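Spelled out, the chains give:
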Amino acid sequence: MNRRRTIPERVLTVLAGALVLRALAGILGNYGDYFPPSFASAFLHGREAYFHGWYQWAFHVHIVSGPLVLAVGLFLVSDPARRLSPRWHRRLGWFQVGCVLLLTTPSGLWMATRAAAGPVAGVGLATLAVATAGSIALGAMAAVQRRFAAHRRWMWRCYLLLCSTIVLRLVGGLATALEWSPPWLDPLTSWACWLVPLAAFECRERWRRRENDLPPSRGKTDREAAR
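Given the structure is predicted, the values throughout are model-derived calculations rather than measurements.

Engineer: In this structure, what is going on with the overall build of the protein chain? I would like to understand it.
Structural biologist: Helix and strand counts for the protein chain come out as nine helices and zero strands. Sequence-ordered secondary structure for the protein chain, helices as α and strands as β, is α-α-α-α-α-α-α-α-α. Each of the 227 residues in the protein chain was classed as buried or not, and the buried ones make up 34%. Considering only residue pairs separated by 6 or more positions, the protein chain has 67% of its internal contacts joining residues 24 or more positions apart. Summed over its atoms, the accessible surface of the protein chain is roughly 14,400 Å², and 66% of this surface lies on carbon and sulfur atoms.

Engineer: For this particular structure, what's the right way to read the pattern of salt bridges?
Structural biologist: Oppositely charged side chains are able to pair whenever their charged atoms sit close together. Evaluated as defined, the whole model comprises three salt bridges. A salt bridge links Asp79 to Arg82; the nearest nitrogen and oxygen atoms lie 3.2 Å apart. You can see Asp79 and its partner Arg82 sitting in helix α3 (residues 79–84), three residues apart, about one turn around the helix. Overall, Asp79 belongs to the partly exposed group, its relative accessible area being 24%. Note on Arg82: relative accessible area 25%, which makes it partly exposed. Between Arg204 and Glu205 there is a salt bridge; the shortest N-O distance is 3.7 Å. Judged by its relative accessible area of 34%, Arg204 is partly exposed.

Engineer: What am I meant to see in the packing of aromatic side chains here?
Structural biologist: For the structure on display, the rule yields twelve aromatic pairs. Between Phe51 and Phe59, the ring centres sit 5.3 Å apart and the planes meet at 70 degrees, which makes this aromatic pair edge-to-face. Measuring from ring centre to ring centre gives 5.6 Å for Trp180 and Trp184, while their planes differ by 75 degrees; the resulting arrangement is edge-to-face. With a relative accessible area of 44%, Trp180 lands in the partly exposed category. With a relative accessible area of 46%, Trp184 lands in the partly exposed category. Grouped by ring-pair contacts, the aromatic residues Tyr31, Tyr34, Phe35, Phe39, Phe43, Tyr50, Phe51, Tyr55 and Phe59 constitute a single cluster. The positively charged end of Arg47 is found above the aromatic ring belonging to Phe43, 4.5 Å away from the centroid. The ring of Trp88 is capped by Arg91, whose NZ or CZ atom sits 5.4 Å from the centre of that ring.

Engineer: What's the story with a nonpolar patch on the surface in this structure? I'm lost.
Structural biologist: A grouping of Leu174, Leu178, Trp180, Trp184 and Leu188 is seen on the molecular surface, where their side chains present a nonpolar patch of about 570 Å² in accessible area. Secondary-structure assignment places Leu188 in helix α8 (residues 185–213). Judged by its relative accessible area of 46%, Leu188 is partly exposed.

Engineer: What should I look at first to understand the nonpolar core in this one?
Structural biologist: By size, the foremost hydrophobic cluster in this structure holds 17 residues, and its most contacted members are Val20, Leu70, Ile136, Tyr159, Leu162, Cys163 and Ile166. Not counting the four nearest positions on each side in its chain, Tyr159 is found in contact with Val20, Val69, Leu70, Gly73, Leu74 and Val77. Core analysis: the next-biggest nonpolar cluster, separate from the first, contains nine residues, Tyr34, Phe51, Tyr55 and Ala58 among them.

Engineer: Before we go on, may I ask you to explain the layout of surface pockets in this structure?
Structural biologist: Empty space among the atoms can be located by rolling a probe the size of a water molecule over them. Estimated volume of the second largest pocket: approximately 1,600 Å³. As for the second largest pocket, its lining consists of 46 residues, of which Phe43, Arg47, Thr165, Leu168 and Arg169 are closest to the centre. Looking at the lining of the second largest pocket, the elements with two or more residues in it are α2 (53–76), α4 (86–112), α5 (119–144), α6 (148–162), α7 (164–178) and α8. In terms of residue class, the lining of the second largest pocket is made up of 25 nonpolar, 17 polar and four charged.

Engineer: Before we go on, may I ask you to explain the side chain of Thr105 in this structure?
Structural biologist: The residue Thr105 is located in helix α4 in this model. Owing to a relative accessible area of 8%, Thr105 belongs among the buried residues under this scheme. Residues contacting Thr105, with those up to four places away along its chain left out, are Val100, Ala129 and Ala133.

Reading guide: rules and limits
- Residues numbered from 1 in each chain as written.
- Predicted model: local features only at pLDDT ≥ 70, side-chain atom pairs only at ≥ 80, totals over all residues.
- Heavy atoms only, no water.
- Helix = DSSP H or I, 4+ residues; strand = E, 2+ residues; numbered from the N terminus.
- Buried < 20%, exposed > 50% of the residue type's maximum accessible area, 1.4 Å probe, protein only.
- Contact = heavy atoms within 4.5 Å.
- Areas by Shrake-Rupley, 256 points an atom, 1.4 Å probe, with all protein chains shown as cover.
- Salt bridge = Lys/Arg side-chain N within 4 Å of Asp/Glu carboxyl O.
- Phe/Tyr/Trp six-rings, centres within 6.5 Å; stacked < 30°, edge-to-face > 60°.
- Lys NZ or Arg CZ within 6 Å of the ring centre and 35° of its normal.
- Patch = residues over 30% accessible without salt bridge, like charges linked within 9 Å, V, L, I, M, F, W, Y side chains within 5 Å.
- Core = buried A, V, L, I, M, F, W, Y, C linked by side-chain atoms within 4.5 Å.
- 1 Å grid on protein atoms, 1.4 Å probe; cavity = no way out; pocket = protein on both sides within 12 Å on 5 of 7 lines; lining within 4 Å.
- Points joined across faces, edges and corners; volume = space filled by probe spheres on them.
- Nonpolar A, V, L, I, M, F, W, Y, C, P; charged D, E, K, R; others polar.

Put into structure tokens, the structure is as follows:
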């Protein structure tokens, strides 16, 4: 059963989309620090010793493909955009699958081996990459099998996992503004940036299923019976 979104849900959706676009603008605005790499910048500081070979290639692939899949994903999870152009939804969907599985996930896994916040953060980021690849693969499989409800759920999971980079930026910016950076913050954030949004999504989906499974009210039953 499809449930119409409430006004607060619509407002939150618009605000979340604006936040994604704002974060994308910030990432693209920092490209001057990445091409060529500036090790005086905040993100690349301390990486000069190993910024060569495979890591350098992985970084550049990730920094280009990451914003791309965020932007394309924002279009794909939009119900109005999907209804407006189903053909483009399918085409961009397969493009998204290819980018995530062939570019974003492998480069993220390689970069996780050199996580600046240490091995705990590295394991968290590697697990995030695997979960992202798994979600989009299962979502694509569901679409091929025409299980569209399952397809939408898996693609929403994938997009929330992709948005973990935005959560990382928000937490990092807030910590910098507050001048508060305990040693456990970055490793914790490397796990929480995707586990917390994913857990919230699963709770929301479970609540919706329970709501849909509730029997109709007595009043509604009587009105339907009178028709």
